[in-house]
Amino acid sequence: MRAPGDPAVAAEAVAARGGAAGEPAGDAPLLGERARDLYLVILREGGRWPMAEVPAQDEEPVRELLDLGLLESSLADACYRAVNPRVVGGRISEDLRSAGTRLLVRAQEMPDLLADLTRAYDATPRSVDRSGEVRHVHDIDVIRRRVDQLFAEADGEILSAQPGGSFPPSLLAEWTRRTQPFLAGGGVGRLLFEPAARSDGPTVSYVLAAAELGARFRVLGESFKRMTIFDRRLVVLPASAQYASAAFVEDPAVVAFLVGLFERDWQRAEPVQWRADTVDIAGLPLPAQVGRMLSQGLTQRAIATRLSLSERTVAGHISRLRELYDAETLFQLGWLMRAATDDLDGEPVR
């Protein structure tokens with residue numbers, strides 16, 4: 001049992017009041033106001049105070065001074081004696097520094113101390129919760145946190161289908177934050193876009209950065225569903241038109257079906273060239289814009305919608321392009337124009 005005035009006891013007293021040895025507790029004083037006043041009274045009495053004269057209401061302040069080491073008991077004359085605060089402060093400071101050093105060393109050792117448990121946790125197969133094989137989440141912040149966790153836990157392959165011609169910079173930044181650690185750690189990523197994404201500068205920048213880490217990209221000029229598949233065990237699907245809710249699917253049969261859909265679309269899609277200096281087709285002559293969109297796999301109706309033209313006008317441009325490329329069918333024209341575009345762009349990013 002440690003006596004009052006022992007440096008360890010004093011350090012614990014400091015920590016209990018929010019001192020350096022513990023978490024800060026606001027502006028809590030080192031000593032209570034009454035204890036400070038009592039110490040000054042004892043100094044005015046010559047630094048001694050008979051134990052028999054301590055009133056009941058001052059027992060707690062006396063205990064504070066004893067714990068901190070500012071008072072010591074003298075049994076020879078049954079008095080409390082004041083101790084030099086400079087000496088007390090030096091002892092407590094040294095003890096707190098030693099305790100802080102021990103805590104820092106302990107903090108640095110902690111990952112190694114738990115390394116075997118961490119390896120066991122990582123090696124343990126995750127059990128599937130059969131009570132919630134399809135879980136719907138309607139809070140966008142909860143969805144983001146859950147997706148962050150899935151990216152962090154994925155250790156094999158992530159497949160993603162993202163229809164759309166352009167994406168908000170904030171979403172692309174979120175993709176970058178999630179995918180870079182996964183790919184840098186050796187994960188495999190495959191992502192499917194629509195052809196129009198090749199003309200969106202921020203999307204192209206994201207693709208080029210991810211491709212440097214080994215991700216593979218293709219474009220598909222037909223309708224496909226948005227989904228992200230983690231390690232072929234869980235699929236995230238949008239559950240509303242505004243993407244404000246999502247479904248997390250873990251049913252093995254449903255996951256296998258969705259993986260099959262992705263693989264079918266991936267086989268039908270094409271690797272293409274992604275260039276940071278992609279031409280802005282909006283600045284090209286109208287026939288060239290039609291040709292670019294046709295080479296990207298867009299239909300006549302989709303081209304008319306994109307360019308705010310009538311289908312008859314688009315059909316006229318296509319007819320002249322067929323004569324120029326000597327193409328007998330629209331399918332053949334698309335292939336000829338795509339080949340011409342690839343010849344200009346170079347080898348595709350796969």
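Residues numbered from 1 in each chain as written. Predicted model: local features only at pLDDT ≥ 70, side-chain atom pairs only at ≥ 80, totals over all residues. Heavy atoms only, no water.

Asks: Can you lay out unusual backbone geometry for me, pointing to particular residues and giving the numbers?
Replies: A positive phi is found at D231, a non-glycine position, where the angle reads about 55°. Along the chain, D231 falls in the loop between strand 8 (227-230) and strand 9 (234-238). (Helix = DSSP H or I, 4+ residues; strand = E, 2+ residues; numbered from the N terminus.)

Asks: Let's hear about the confidence of the model for the protein chain: which residues, and what values?
Replies: Chain-level pLDDT for the protein chain is 80 on average; 81% of the residues reach the 70-or-more range. Here helix 1 (residues 7-16) stands out as the element of the protein chain with the lowest mean pLDDT, 55, in contrast to strand 8, whose mean of 95 is the highest. Note that residues 343-350 has pLDDT below 50 and, in this model, 18 contacts with residues that lie over four places away or in other chains. (pLDDT = per-residue confidence, 0-100. Contact = heavy atoms within 4.5 Å.)

Asks: Help me get a handle on the pattern of salt bridges, residues and values and all.
Replies: Per the counting criterion, the structure on display carries 17 salt bridges. The partner of D77 in a salt bridge is R81, with the nearest N and O atoms 2.5 Å apart. Among the residues examined, R81 registers a relative accessible area of 29% and is labelled partly exposed. Here E311 and R301 are joined by a salt bridge, their closest N and O atoms 3.3 Å apart. Of this pair, E311 sits in helix 12 (residues 311-325) while R301 sits in helix 11 (residues 300-307), placing them ten residues apart in sequence. By relative accessible area, which is 57% here, R301 ends up exposed. (Salt bridge = Lys/Arg side-chain N within 4 Å of Asp/Glu carboxyl O. Buried < 20%, exposed > 50% of the residue type's maximum accessible area, 1.4 Å probe, protein only.)

Asks: Help me get a handle on the environment of R135, residues and values and all.
Replies: Mapped onto the elements of the fold, R135 is located in strand 4 (residues 134-137). Distance in space between the C-alpha atoms of R135 and A246 is 8.3 Å, their sequence separation being 111 residues.

Asks: Account for the side chain of Q162, with residues named and values stated.
Replies: Here Q162 shows up in strand 5 (residues 157-162). Note on Q162: relative accessible area 7%, which makes it buried. Within the local environment of Q162, its side chain forms a polar contact with the side chain of R226, the two groups lying 2.5 Å apart. The contacts of Q162, once residues within four sequence positions are left out, are F167, W175, L191, L192, F193, E194, F224, R226, M227 and T228. (Polar contact = N/O pair within 3.5 Å; in protein donor to acceptor, adjacent residues only side chain to side chain.)

Asks: Summarise the packing of aromatic side chains; cite the residues concerned and give the values.
Replies: Under the criterion given, the structure shown has ten aromatic pairs. Through a chain of ring-to-ring contacts, three or more aromatic side chains come together here, namely F167, W175, F193, Y206, F217 and W274. In this arrangement the basic side chain of R135 is found over the ring face of F248, its NZ or CZ atom lying 5.7 Å from the centre. Stacked on the ring of W266, the Lys or Arg R190 has its end atom at 5.2 Å from the ring centre. (Phe/Tyr/Trp six-rings, centres within 6.5 Å; stacked < 30°, edge-to-face > 60°. Lys NZ or Arg CZ within 6 Å of the ring centre and 35° of its normal.)

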